[in-house]
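The residues making up each chain are set out below.
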Amino acid sequence: NAGVTQTPKFQVLKTGQSMTLQCAQDMNHNSMYWYRQDPGMGLRLIYYSASEGTTDKGEVPNGYNVSRLNKREFSLRLESAAPSQTSVYFCASTLDRDVGGYTFGSGTRLTVV
Amino acid sequence: ILNVEQSPQSLHVQEGDSTNFTCSFPSSNFYALHWYRWETAKSPEALFVMTLNGDEKKKGRISATLNTKEGYSYLYIKGSQPEDSATYLCAFPDNTDKLIFGTGTRLQVFP
């Protein structure tokens, strides 16, 4: 009963490097989300995918791209990392948001130096 | 962008105290109000999703009420325990299906 699995848990990048954060859920959820969490800012939505094959921008999409590879997987890519992207990233999914709420992954702590 | 406000920002209580905190949200075009519990070094977990004015939900010692007309929800913890220490988030979906989170109330319960 894995729920939402995020990899990696920790990552340090140099400015300008690229990387992909992986997220997979095994609950047959339709909707998936990427959030970032910064001190004093709360969770802010980067991108989301309401269903397989669709993606939409959230509140802070600049510097990121996403891919909904299939129903299970939703990846977040940083093409050219910047120090401002140092944050904790959470993936979440839901079958019916306003019934069961979101299920979150355990987070990825990313530091860009 | 809709604003979801939580107060207080942080709260320190003794074990056994009861406590409550507030989430304020826009009262127009209400869809639902979510509460999440977020323990340090873990991920947020859904506590309640409330959809009806006057709704009251309970899980153990934690309960929540909802007033959609005036745009607020209260979360109550009865007889706080150290394991209740966490950040409690509320969230409100906007009209484009995005969940907007408040910045949370950080609760610390001292033995």
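So, here is what we can say about the structure in this document. The shown structure was predicted, so the numbers you read here are calculated from the model rather than taken from an experiment.

## Section: the environment of Gln25 of chain A
All names here are of chain A.
- The residue Gln25 is located in strand 3 (residues 19-25) in this model.
- Given a relative accessible area of 1%, Gln25 falls into the buried group.
- With 19 residues separating them along the chain, Gln25 and Gln6 place their C-alpha atoms 8.9 Å apart.
- Setting aside anything within four residues of it in sequence, one finds Gln25 in contact with Gly3, Val4, Met32, Arg68, Lys71, Arg72 and Ser93.

## Some thoughts on the interface of chain A and chain B
- Listed per partner, the contact involves 21 residues of chain A and 21 residues of chain B.
- It is Leu43, Arg97 and Asp98 of chain A that lose the most area in chain A upon contact with chain B, and together they represent 33% of the buried surface on that side.
- Our count for the chain A to chain B interface comes out at four residue pairs in polar contact (both at pLDDT 80 or more).
- Of the residues that constitute the side of chain A that touches chain B, the class distribution is nine nonpolar, eight polar and four charged.

## With respect to the sheet that holds strand 7 (residues 62-67) of chain B
Residues and elements named next belong to chain B.
- An order of 1-3-8-7-6 is seen for the five strands of this open sheet, with the pairing classed as antiparallel. Looking along the sheet, the strands with just one partner apiece sit at the ends: strand 1 (5-7) and strand 6 (56-59). Adjacent strand axes in the sheet meet at a mean angle of 15°, parallel and antiparallel pairs treated alike.
- When strand 7 meets strand 8 (residues 72-77), the two strands line up antiparallel, connected through six bridges. Each residue of the ladder has a partner; that of Ala64, found in strand 8, is Leu75.

## Overview of the side chain of Thr94 of chain A
All names here are of chain A.
- Along the chain, Thr94 turns up in strand 9 (residues 87-94).
- The class of Thr94 is buried, set by a relative accessible area of 2%.
- One polar contact links the side chain of Thr94 to the main-chain carbonyl oxygen of Gly101, over a distance of 2.8 Å.
- Apart from residues no more than four positions distant in its own chain, Thr94 is found in contact with His29, Asn30, Ser31, Tyr33, Gly101 and Tyr102.

## Things to note about the state of the cysteines
All names here are of chain B.
- If you walk through the whole model with that rule in mind, you get two disulfides over all chains.
- In this model Cys23 forms its disulfide with Cys90; the gap between the sulfur atoms is 2.0 Å. A torsion of 75° about the S-S bond marks the disulfide between Cys23 and Cys90 as right-handed. Placement of the pair is Cys23 in strand 3 (residues 19-24) and Cys90 in strand 9 (residues 86-93), with a sequence separation of 67 residues.
- Note on Cys90: relative accessible area 0%, which makes it buried.

Basis of the calculations
- Residues numbered from 1 in each chain as written.
- Chains lettered and ligands numbered in written order.
- Predicted model: local features only at pLDDT ≥ 70, side-chain atom pairs only at ≥ 80, totals over all residues.
- Heavy atoms only, no water.
- Helix = DSSP H or I, 4+ residues; strand = E, 2+ residues; numbered from the N terminus.
- Buried < 20%, exposed > 50% of the residue type's maximum accessible area, 1.4 Å probe, protein only.
- Contact = heavy atoms within 4.5 Å.
- Buried area = accessible area lost by both parts, 1.4 Å probe.
- Polar contact = N/O pair within 3.5 Å; in protein donor to acceptor, adjacent residues only side chain to side chain.
- Nonpolar A, V, L, I, M, F, W, Y, C, P; charged D, E, K, R; others polar.
- Pairing = 2+ DSSP bridges.
- Axes fitted to C-alpha atoms, helices over the stretch in contact; angles between N-to-C directions.
- Disulfide = S-S within 2.5 Å.

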